[in-house]
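# Coordinates in review
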Amino acid sequence: MIGKFASALTRALLVALLMATPALVLSNVSTDAIHIVVLFSLFAGILVFIEYLSTYPSIVEFRYAAPFNRLRFLALFLCVLTLSVIARGQYEPNALTSFLRSLGIVVGDWIDFPYSPVRLMVIMLPDNASDALILSVRTASGMAYLISMVTLTIFFFYVRILGWPARNGAFNVWVNLPLFDPTAGGDVLPRLQRDGRLNIALGFLMPFLIPAVVQMMSDLVNPIYLDDPMTLIWTISAWAFIPASLIMRGMAMGRVAEMIDENRRRAYAAAQAMQTV
């Protein structure tokens, strides 16, 4: 019980630190923004603490299939921290901020080709956007997209090369997929395969669709202003992290479907062998 409490508390503190990272790194955050950040940090920390303190998960998927959630958290944390450091460099430059900004500029320029996600993010900006804002959005988008691609590559290595999640021992589908209802109807295997493909497709399309939808709706509602560093950090982080998280979930569900299919084939083969004997 003590170990579970310490583990849940550690995860809650890390999530709260993630939410507070931009406010801790940036030096020009208003008092109202700090109050909002503290509120969201407490809420996120309490939610994670309750989730991991309970015996059975209710929201968090693949809780007992490391390192799925660890990779997602690390990717989001690195994205938020990197963009926060780059934004801080506009007011208090140093060697680290200059290096990350230069790297982001190189990656952003490399990915900024016609119809690319980074190009669509830049096009999403209003017509009167300054050159400095365009450069900031391109740099942040490039860094966030790079982090998401590296995360997907690492998870693909775990799934296809290291045999995740079978290498961690027994895998309980219903505990690790609390949001998946096995009684919704139909065979579980094709439903897992369908949901996995749907998540991967949505993950690939979202970086292209989000800027297009925002640009189309800018005539109806107030557009998102990315001049504020906090807004820029969280907008770009969500734009890069949510699609990567969906692709990871799709890959994971596809892998679970493969494991179920393999177990069924072995069971059928064993049953046929027993019948022939």
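Preceding block: the structure.
So, here is what we can say about the structure in this document. In this convention, every chain numbers its residues from 1, walking through the sequence in written order. Only residues with pLDDT of at least 70 get local features here, since the model is predicted, and only at 80 or more are side-chain atom pairs given and counted; chain-wide, interface and lining totals rely on the full set of residues. Calculated side-chain values reflect all of the structure's heavy atoms, with hydrogen atoms and water omitted.

### Points about the overall build of the chain
Spelled out, the test is: Under the DSSP-based scheme used, a helix requires at least four consecutive residues in state H or I and a strand at least two consecutive residues in state E, with every element numbered from the N terminus. Whether a residue is buried, partly exposed or exposed follows from its accessible area with a 1.4 Å probe, protein chains only, as a fraction of its type maximum: under 20%, in between, or over 50%, in that order. The contact criterion used is simple: two residues touch if any of their non-hydrogen atoms lie within 4.5 Å. Accessible surface area values rest on a Shrake-Rupley calculation with a 1.4 Å probe, where residue burial reflects the displayed protein chains alone. His is not counted, nor are the chain ends, whereas Lys and Arg count as positive and Asp and Glu as negative. Lysine's charge is taken at NZ, arginine's at CZ, aspartate's at CG and glutamate's at CD.
For the chain, the helix and strand inventory stands at nine helices and zero strands. Along its sequence from the N terminus, the chain presents helices and strands in the succession α-α-α-α-α-α-α-α-α. Dimensions of the chain, computed from C-alpha atoms along their principal axes, come out at roughly 80 × 50 × 40 Å. In the chain, which comprises 277 residues, the proportion classed as buried is 43%. In the chain, the share of contacts with a sequence separation of at least 24, taken over all contacts with a separation of at least 6, comes to 75%. Accessible surface computed for the chain: about 15,400 Å², of which carbon and sulfur atoms make up 68%. Within the chain, one finds 19 positive and 17 negative side-chain charges whose respective centroids are separated by 13 Å.

### As for the layout of surface pockets
Using the following cut-off: Two kinds of site are reported from a 1 Å grid over the protein atoms alone, namely cavities, where a 1.4 Å probe fits but cannot get out, and pockets, open sets with protein on both sides within 12 Å along at least five of seven lines, and residues are called lining when an atom falls within 4 Å of a point. Grid points are joined across faces, edges and corners, and a volume is the space filled by probe spheres set on the points. Ten residue types, Ala, Val, Leu, Ile, Met, Phe, Trp, Tyr, Cys and Pro, are classed as nonpolar, four, Asp, Glu, Lys and Arg, as charged, and the remainder, Gly among them, as polar.
Estimated volume of the largest pocket: approximately 1,200 Å³. Looking at the largest pocket, it is lined by 38 residues, and the ones nearest its centre are Val-15, Val-48, Tyr-52, Val-60 and Asn-69. Elements that contribute at least two residues to the lining of the largest pocket include exactly helix H1 (2-25), helix H2 (31-53), helix H3 (68-88) and helix H9 (229-276). Top contributing element to the lining of the largest pocket by residue count: H1, with eight residues. Taken together, the residues that form the lining of the largest pocket break down as 25 nonpolar, six polar and seven charged.

### Description of the side chain of Arg-249
Within the secondary structure layout, Arg-249 lies in helix H9. Ignoring anything within four residues of it in the chain, the contact list for Arg-249 reads Glu-61, Phe-68 and Asn-199.

### What to know about the environment of Met-1
With respect to the helices, strands and loops of the structure, Met-1 is situated in the segment before H1. On a C-alpha basis, the gap between Met-1 and Leu-53 in space is 9.0 Å, while along the polypeptide they are 52 residues apart.

### A word on the packing of aromatic side chains
Geometrically, a pair of aromatic rings is defined through the distance of the ring centres and the angle of the planes. The condition that has to hold: Centres within 6.5 Å make a pair out of two Phe, Tyr or Trp rings, where for Trp the six-membered ring is used; the pair is then stacked when the planes are under 30 degrees apart, edge-to-face when over 60, and tilted otherwise. A ring has a charge above it when a Lys NZ or an Arg CZ is no more than 6 Å from the ring centre and no more than 35 degrees off the ring normal.
Using the criterion set out here, one finds nine aromatic pairs in the structure. An angle of 20° between the planes, with centres 6.1 Å apart, marks the rings of Phe-68 and Trp-164 as stacked. Separated by 96 residues along the polypeptide, Phe-68 in helix H3 and Trp-164 in the loop between helix H6 (131-160) and helix H7 (173-176) bring together distant segments of the chain. For the pair Phe-68 and Trp-164, a shared accessibility class is recorded, and that class is buried. An angle of 15° between the planes, with centres 6.0 Å apart, marks the rings of Phe-73 and Phe-77 as stacked. Linking Phe-73 with Phe-77, this pair stays in helix H3, spanning four residues, or about one helical turn. One cation-aromatic arrangement involves Arg-63 over Tyr-52; the distance from NZ or CZ to the ring centre is 5.3 Å.

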